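Commentary on secondary and tertiary structure
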Number of protein chains: 2
Amino acid sequence: MVFWKSLFSSSDTATASKPAPVQGELVDIPGANPAQNNSRIFFSLDRDIDLYELEELCDAVGWARRPLRKVKKAMQHSFLVVSMWQVRGARKQLIGFARATSDHAFNATIWDVVVHPDFQTQGLGKALMKYTIKKLRNEDISNITLFADPHVVDFYARLGFISDPEGIKGMFWYPN
Amino acid sequence: MVFWKSLFSSSDTATASKPAPVQGELVDIPGANPAQNNSRIFFSLDRDIDLYELEELCDAVGWARRPLRKVKKAMQHSFLVVSMWQVRGARKQLIGFARATSDHAFNATIWDVVVHPDFQTQGLGKALMKYTIKKLRNEDISNITLFADPHVVDFYARLGFISDPEGIKGMFWYPN
């Protein structure tokens, strides 16, 4: 949590208006960073996220709880972990998350994309995905995939994701 | 290549009828292991595969060539690499391959499943997939996914893979 330490450790009056250190990246989203309430949205690639805070975010969108031990392991072994934070004065809140598995060469698959309900319909999900795609492209990953629930297929399509391209089908195997 | 070394290094008369060391696993497939020609089919999890031999296998099924540097990186960063070998006397041939990316906790995605055309329609693709699934299940991965070309959707369906379960769509993003 180097990013947050450097933002908040010096004094209680530290605010997000300081330049963001390397680990965090300020996002300017029209309407989402209202100057009047002194809030800012940041992205971070730091995977040392408080698992209880992440669980709270996932609870907020109604996801089934998962063992934190396994969540921790999954974070460690993801190729990319992106978190989205709202910073207001000295307060920070985890408001979005996405991660990707990858072979570090050809393919990446994006999992666990979530935006807190209070922050939806402001373009933040789109910004989170664009940031995630940009980071994967920076690593020269050419084939970015995901499995979309029916109600978010259109959301991903607007971002340029194609369903079943050339008839390729996403398939799942579950234990009996 | 410890497995093959131990099979072949002692003398020219070493044969596959020796017990397989840990790295290789003998597969008994009806009709695929004819005793009369002294051939056996083995699976291996050793990821130190000759990349030229792998390229030859992929050439045989008409896949576009990929930079070996990236193939090597992808192998290193795959969660699981399964290779399938025919051993006849002192000769071995790579006849099948599959690999999976994973977060080591929840999800695995299987890529690059290939069986040499001379060895297809003998149940070896099915055996390769069952072995791959078994190894992923042994690691407590519950969500096994893949993206299937149209002509192999039925093959995977027979193995228990479900297309678009509950309307979940596989989606791809490609660079412009």
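How each quantity is defined
Residues numbered from 1 in each chain as written. Chains lettered and ligands numbered in written order. Predicted model: local features only at pLDDT ≥ 70, side-chain atom pairs only at ≥ 80, totals over all residues. Heavy atoms only, no water. Helix = DSSP H or I, 4+ residues; strand = E, 2+ residues; numbered from the N terminus. Buried < 20%, exposed > 50% of the residue type's maximum accessible area, 1.4 Å probe, protein only. Least-squares fit on C-alpha atoms with pLDDT ≥ 70 in both. Contact = heavy atoms within 4.5 Å. Polar contact = N/O pair within 3.5 Å; in protein donor to acceptor, adjacent residues only side chain to side chain.

With that settled, the discussion passes to unusual backbone geometry. A positive phi angle, close to 55 degrees, is found at Asp112(A), a residue other than glycine. Along the chain, Asp112(A) falls in strand β5 (residues 107–115). Here Thr121(B), not a glycine, exhibits a phi torsion of approximately 60 degrees, which is positive. On the accessibility criterion, Thr121(B) (85% relative accessible area) is exposed.

Further remarks concern the relation of the copies chain B and chain A. What connects the two chain copies is a rotation about an axis and a shift along it. Superposing chain B onto chain A takes a rotation of 180 degrees plus a shift of 0.0 Å along the axis, which leaves an RMSD of 0.0 Å. Given the turn and translation reported, the copies of this chain are related as if by a two-fold rotation axis. In terms of C-alpha distance to the rotation axis, chain B has Gly170(B) as its closest residue, with the C-alpha 2.1 Å off the axis. Mapped onto chain A, 98% of the interface residues of chain B are again interface residues, and the two copies thus contact each other with one and the same surface.

Examined against the element boundaries, Asp103(A) turns out to sit in the loop between β4 (91–102) and β5. A distance of 2.8 Å separates the side chain of Asp103(A) from the backbone nitrogen of Phe106(A), its partner in a polar contact. Polar contacts involving the side chain of Asp103(A) include one to the main-chain amide nitrogen of Asn107(A), which spans 3.1 Å. Every residue in contact with Asp103(A), bar those within four places of it in the chain, is listed here: Lys73(B), Ala74(B), His77(B), Ser78(B), Arg99(B) and Thr101(B).

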